[in-house]
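Structural description and commentary
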Amino acid sequence: METMIRLSAAVGIFSIMIVWEYLSPRRKHQLNRQQRWPINLGLAAFNMLFMRLTIGSLAYLSAVYASEQSFGLLNRLPLSEWMSIIATLLLLDFAIYCQHIVMHKYPPLWRLHQVHHTDLEFDATTAVRFHPMEIIVSMLYKTVCIVLLGANPWAVIAFEIILNGAATFNHSNVDISPAIDKNLRRLIITPDMHRIHHSTVPAETDSNYGFSISCWDRLCKTYRAEPKEPQTTMAIGLTAFRSQQELTFMQLLALPFRSLRRR
Ligand SMILES: [Zn+2]
């Protein structure tokens, strides 16, 4: 049931963004969809199946367990259901922001996360381009956070849907007017804001780590408003991989085990 809710929401949001990208693209892509989509969507399908067969429901089940055992911070505080839901959503989002920074700064984890950054274009399918081991590490980290926090089980389902939806939205190649983008950025992360994180310029990659709400980057001074080059022509990806052809599915799976490329 919990998996079906998440899957339906993910497919629905992805479909909307694909249509929006087609009708109103922000950038003209150099690589065509036939080169990238089978790889990105292949990784998504592989990860989904792998998680379904292994620890896909761990986050939700650990929240239920913590709640039944009255374990974790929020389960010990006299909070209303709504306060507990809001606190769970905010604190888990901050935890994922912190995880993203560590993925970049700690070389063994960067080996996994670089797979996401080797995409030479930036669209909704980039949001699902992750190495399966990063998905596992992320799930285990999230589970520890959920148990220590005593996260509300309903909020955990909502958080998974919001995180997935926000990632699909902020990776998408959609054209949003500057005025609307500016207002949206006060609260959420827009595609123009997150695209900067996928720049080939290291200082720009080291910015805009958030996934859903923009306040963590502002509070922690990792916010960057604009890239040096224009949004429509800035280079995307990792310089070390731009000179070669798009990596294949198998090459991406093997990438963490190859000698480490510098960002
Ligand atoms: Zn990143």
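Going by the structure above, here's the rest.
The text that follows walks through the structure, step by step, so that each part is easy to find. In this text, all values refer to a predicted model and were calculated from it rather than measured experimentally. (Residues numbered from 1 in each chain as written. Predicted model: local features only at pLDDT ≥ 70, side-chain atom pairs only at ≥ 80, totals over all residues. Heavy atoms only, no water.)

1. Some points on unusual backbone geometry
Cut-off, in case you're wondering: Relative accessibility under 20% of the residue-type maximum defines a buried residue, over 50% an exposed one, and the middle range a partly exposed one, all with a 1.4 Å probe and only protein chains included. The numbering of helices and of strands both runs from the N terminus, where a helix is a DSSP run of H or I of at least 4 residues and a strand a run of E of at least 2.
One non-glycine residue, asparagine 208, adopts positive backbone phi at about 50°. According to the relative accessible area criterion, asparagine 208 is buried, its value standing at 1%. Located in the positive-phi region is lysine 221, a residue other than glycine, with phi close to 60°. Take lysine 221: it is sitting in the loop between α12 (215-219) and α13 (239-242).

2. Let's talk about the coordination of the zinc ion
The following threshold applies: Coordinating donors are taken as N, O and S atoms within 2.8 Å of the metal, stretched to 3.2 Å for Na, K and Ca; because water is absent from the atoms, sites can appear incomplete.
The protein atoms donating to the zinc ion are His100 (NE2), His104 (NE2), His113 (NE2), His117 (NE2) and His197 (NE2), with metal-donor distances spanning 2.1 to 2.2 Å. Donor residues binding the zinc ion come from one chain and are separated in sequence as H-x3-H-x8-H-x3-H-x79-H. A residue pair is termed long-range when its members are at least 10 positions apart, and histidine 100 in helix α5 (residues 81-105) and histidine 113 in helix α6 (residues 107-117) qualify at 13 residues.

3. A look at the pattern of salt bridges
Rules: Salt-bridge detection follows one rule: a side-chain nitrogen of Lys or Arg within 4 Å of a carboxyl oxygen of Asp or Glu.
Within this structure, the stated rule accounts for 8 salt bridges. A salt bridge links aspartate 181 to arginine 185, with the nearest nitrogen and oxygen atoms 2.8 Å apart. Of this pair, aspartate 181 and arginine 185 are both found in helix α9 (residues 178-185), 4 residues apart, which corresponds to roughly one turn of the helix. Ionic pairing is found between arginine 185 and glutamate 226, a salt bridge with its closest N-O pair at 3.7 Å. Of this pair, arginine 185 sits in helix α9 while glutamate 226 sits in the loop between α12 and α13; the two residues are 41 residues apart in sequence, bridging distant segments of the chain. Residue arginine 185 is classed as buried on the basis of its relative accessible area of 4%. Three or more residues joined by partner-sharing salt bridges are found here, namely Arg26, Asp192 and Arg195.

4. Digging into a nonpolar patch on the surface
As a reminder, the rule being used: Distance thresholds for patches are 9 Å for like charges and 5 Å for nonpolar side chains (Val, Leu, Ile, Met, Phe, Trp, Tyr), applied to residues having over 30% relative accessible area and no salt bridge. For the accessible areas, the method is Shrake-Rupley and the probe is 1.4 Å, while residue cover comes only from the protein chains on display.
Taken together, the side chains of Met4, Leu7, Val11 and Met48 present a nonpolar region at the surface, about 370 Å² in accessible area. The dominant element in the nonpolar patch, judged by the number of residues it contributes, is helix α1 (residues 2-23), at 3 residues. Residue classification places methionine 48 among the partly exposed positions, given a relative accessible area of 47%.

5. Description of the packing of helix α2 (residues 33-53) against helix α7 (residues 132-149)
Applied cut-off: Axes here refer to lines fitted to C-alpha atoms; in helices the fit is confined to the stretch in contact. Angles between the N-to-C directions go from 0 to 180 degrees. When describing relative orientation, an angle under 35 degrees is termed roughly parallel and one over 145 degrees roughly antiparallel, while 65 to 115 degrees is termed roughly perpendicular and anything else oblique. Here a crossing is taken to be left-handed if its near helix is turned anticlockwise relative to the far helix by less than a right angle, and right-handed if that turn runs clockwise. Contacts were defined at the residue level, with two residues in contact if any of their heavy atoms lie within 4.5 Å. Under the scheme applied, nonpolar residues are Ala, Val, Leu, Ile, Met, Phe, Trp, Tyr, Cys and Pro; charged residues are Asp, Glu, Lys and Arg; polar residues are all the others, including Gly.
Here α2 crosses α7 at 45°, and the two axes come no closer than 10 Å. By the criterion of interaxial angle, the relationship of α2 to α7 is oblique. Here α2 runs over α7; the crossing is right-handed. Between α2 and α7, the residues in contact are Leu43, Phe46, Asn47, Phe50 and Met51 and Pro132, Ile135, Ile136 and Met139, respectively. Per-class residue counts for the contact of α2 with α7 are 8 nonpolar, 1 polar and no charged.

6. Some points on the packing of α1 against helix α8 (residues 153-170)
It is at 9 Å that the axes of α1 and α8 come closest, and there the two elements cross at 20°. By the angle between their directions, the pair α1 and α8 is classed as roughly parallel. For the pair α1 and α8, the crossing hand works out as right-handed. Between α1 and α8, the residues in contact are Glu2, Ile5, Arg6, Ala9, Ala10, Ile13, Phe14, Met17 and Trp20 and Ile157, Glu160, Ile161, Asn164, Gly165, Thr168 and Phe169, respectively. Class assignment for the residues of the contact of α1 with α8 results in 10 nonpolar, 3 polar and 3 charged.

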